[in-house]
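Observations on chain architecture
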Amino acid sequence: MKNSFFSRFTPKEPKFFPLLKQLSEILTESAHLLEESLTHDSPAERADYYQRIKAKEREGDEQAHRIFDELGTTFITPFDREDIHDLASSIDDVIDGINSSAKRINIYNPRPIGSSGKELASLITQEALCLSEAMDQLEDFRKDPSKLRGCCTRLHDLENQADDVYELFITHLFEEEKDSIELIKIKEIMHELEKTTDSAERVGKILRNLIVKYA
Amino acid sequence: MKNSFFSRFTPKEPKFFPLLKQLSEILTESAHLLEESLTHDSPAERADYYQRIKAKEREGDEQAHRIFDELGTTFITPFDREDIHDLASSIDDVIDGINSSAKRINIYNPRPIGSSGKELASLITQEALCLSEAMDQLEDFRKDPSKLRGCCTRLHDLENQADDVYELFITHLFEEEKDSIELIKIKEIMHELEKTTDSAERVGKILRNLIVKYA
Amino acid sequence: MKNSFFSRFTPKEPKFFPLLKQLSEILTESAHLLEESLTHDSPAERADYYQRIKAKEREGDEQAHRIFDELGTTFITPFDREDIHDLASSIDDVIDGINSSAKRINIYNPRPIGSSGKELASLITQEALCLSEAMDQLEDFRKDPSKLRGCCTRLHDLENQADDVYELFITHLFEEEKDSIELIKIKEIMHELEKTTDSAERVGKILRNLIVKYA
């Protein structure tokens, strides 16, 4: 809200759009790595994928901080400062969720991840691609918000699908798994994956708010 | 803080009060459903209550977004925008906590929930009623904040009671429960219930800040 | 950002610095108690340390609220209101994490905490001391931010060390512990300790942002 008065009369500072787009690309790369990692089950391969995902997580962190630093020193921003801050930090949260999932797989070392886990990872990738498309819309959605609105709807649907996959899986797990340590491992890994799909939808909510405020 | 200057000279926009009150009523309905659900133990009944609580959770989400949308488009708000935002989103968090509790009961399907679980659910209902009363005070507490302050004190006491119930229960659980899968189920359900009582107190902290700022 | 215009021409309100320093001292005391508690293994001693740590947690809560109350009623603050708010509430989160760790030790009553747990507690103490030093820098870092920057770097390093200790420990735990209830206990206690080291680093990130904005 702070610079809404000035922003009507001064040129916008466009650098935030490519910075956010780059952050969403780190997210997509990280999601792809996670999905790929689930087809490899040896401790050594798991450790290797975790290192690569961790490297992406650090990249995401640095990119988010680059955005925060710019926010701290730029007088004119295309949206309110807090909106750009929330966008960057919520996209970074999705990257963190992917990292936490890979970390648990690495340190818990469960039996091979089944089809439900792979489905959740695929939903995370689809959400990441959706967010990346949404970043392309940021510069121009004021004129036509329909594409950005479409991204938000898809994010919401993907998250609902993830909920269903997760709930069905956990119900069966508690009915069938008798090895309690194996149950702990897979339950917590699936929970982390599901939380990651949630955090992607949270970005969608922030985008929806942007449409209400600016379009 | 942003509109404190203007707000001294312009009429307040009163629509936020009924919107927040409605949100607190969704919370109360949701808390009642949770409490009632604990007297039903079959998987089918648990699934049914979870569906009803999930419907409330969506209603709460929509109501919170209605409030956020209004905030994005209304120039004058009775308090600072961020205060109304925090109130709505923290009440929504309590509804989310109730939903997560019901979800875990449904998908974990533990043995019948004992008296400590019922006590926590009853404390959540009492907190919800307290918050609903607090919403009635929002319009006029500037003149006399004593009733609103009373709500905050009660919320704090209810949360302390919940802490004691939870801690005593978990201590006994780890001393006595030898079935590790059953232990996991009930431990996590109780933890979710306890976190929900915490989130209700967090609303109380926001209300306390409002008194300091505006009364 | 709000008072950056005025703050160039009016005297700063210095009371926030000692208030934040006091909060960091409550954190340090709390960290020392946690570290000390791990050398005592009987249920009675654990309960006693938890009570003392809980008392510190309440002190921290009150101190944070004192700061929030001041923020609500002071027109001029040395930084933006939200920065002081974030600092106080993030330091309070570290104190809360210490309290949650002590609570779990008390109510889960696991076997004696091993060397990795003690290492995490020691890292929390080192982070607390680091934050306390950082509070001494708040008044003057605009002239020379190098010392404050050094604190941020050390916090980051301490958190990385904690990550390594935690990950190695959990990997071994899942390889070796066959008692699933004991595994649950220690896994969750270690997780809480590790999250506490994370929350200390989060204060470091806020401090880093302050340097970017003000130095």
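Scroll up to find the structure.
Residues numbered from 1 in each chain as written. Chains lettered and ligands numbered in written order. Predicted model: local features only at pLDDT ≥ 70, side-chain atom pairs only at ≥ 80, totals over all residues. Heavy atoms only, no water.

Each partner contributes residues to the interface: chain A has 20 residues there, and chain C has 24 residues. For Glu167 of chain C, the salt bridge is made with Lys103 of chain A, and the minimal N-O distance between the two is 3.7 Å. Of all the secondary structure elements, the ones that give two or more residues to the side of chain A that touches chain C are helix 3 (43-73), helix 4 (81-108) and helix 7 (180-214) of chain A. Among the elements that make up the side of chain A that touches chain C, the one with the highest residue count is helix 3 of chain A (nine residues). Looking at the side of chain A that touches chain C residue by residue, the class counts come to six nonpolar, four polar and ten charged. (Contact = heavy atoms within 4.5 Å. Salt bridge = Lys/Arg side-chain N within 4 Å of Asp/Glu carboxyl O. Helix = DSSP H or I, 4+ residues; strand = E, 2+ residues; numbered from the N terminus. Nonpolar A, V, L, I, M, F, W, Y, C, P; charged D, E, K, R; others polar.)

For the structure shown, the criterion picks out 58 salt bridges over all chains. Ionic contacts of the salt-bridge type, sharing partners, join the residues Lys187 of chain A together with Arg104, Glu188, Glu192 and Lys195 of chain B into one network.

Before going further, it helps to spend a moment on the relation of the copies chain A and chain B. Expressed as a screw operation, the relation of chain A to chain B combines 0.0 Å of axial shift with a rotation of 120 degrees, fitting to an RMSD of 0.0 Å. On the angle and the small slide along the axis, the relation comes out as a three-fold axis. For chain A, the smallest separation between a C-alpha atom and the rotation axis is recorded for Ser180 of chain A, amounting to 3.8 Å. An asymmetric contact is evident, with only 16% of the interface residues of chain A recurring at the interface of chain B. (Least-squares fit on C-alpha atoms with pLDDT ≥ 70 in both.)

As a further point, take the relation of the copies chain A and chain C. Here the second copy of the chain follows from the first by a rotation about an axis and a shift along it. Under the fitted operation, chain A is carried onto chain C by 0.0 Å of movement along the axis and a turn of 120 degrees, and the coordinates agree to an RMSD of 0.0 Å. By residue overlap, the copies meet through two different surfaces: only 20% of the interface positions of chain A are interface positions in chain C.

Each pair of packed helices gets described by two things: the angle between the helix axes and the distance between those axes. Residue and element names in this part refer to chain A. Taken N-terminus to C-terminus, the directions of helix 2 (residues 16-37) and helix 3 make an angle of 165 degrees; their axes are 10 Å apart at the nearest point. Considering their axes alone, helix 2 and helix 3 lie roughly antiparallel with respect to each other. At the point where helix 2 passes helix 3, the crossing takes the left-handed sense. In this structure, helix 2 contributes Phe16, Leu19, Leu20, Gln22, Leu23, Ile26, Glu29, Ser30, Leu33, Leu34, Glu36 and Ser37 to the contact, and helix 3 contributes Tyr49, Arg52, Ile53, Lys56, Glu59, Gly60, Gln63, Ala64, Arg66, Ile67, Glu70 and Leu71. Grouping the constituent residues of the contact of helix 2 with helix 3 by class yields twelve nonpolar, five polar and seven charged. (Axes fitted to C-alpha atoms, helices over the stretch in contact; angles between N-to-C directions. Parallel < 35°, antiparallel > 145°, perpendicular 65-115°, else oblique. Left-handed = near helix turned anticlockwise from the far one by under 90°.)

Let us now look at the nonpolar core. The biggest cluster of nonpolar side chains holds 200 residues, and the ones touching the most others in it are Leu138 and Leu207 of chain A, Leu138 and Leu207 of chain B together with Leu138 and Leu207 of chain C. Excluding its chain neighbours within four sequence positions, the residues that come into contact with Leu207 of chain B are Leu87, Leu131, Ala134, Met135, Leu138, Leu148 and Cys152 of chain B. (Core = buried A, V, L, I, M, F, W, Y, C linked by side-chain atoms within 4.5 Å. Buried < 20%, exposed > 50% of the residue type's maximum accessible area, 1.4 Å probe, protein only.)

The values reported here are purely geometric and, on their own, carry no functional implication.
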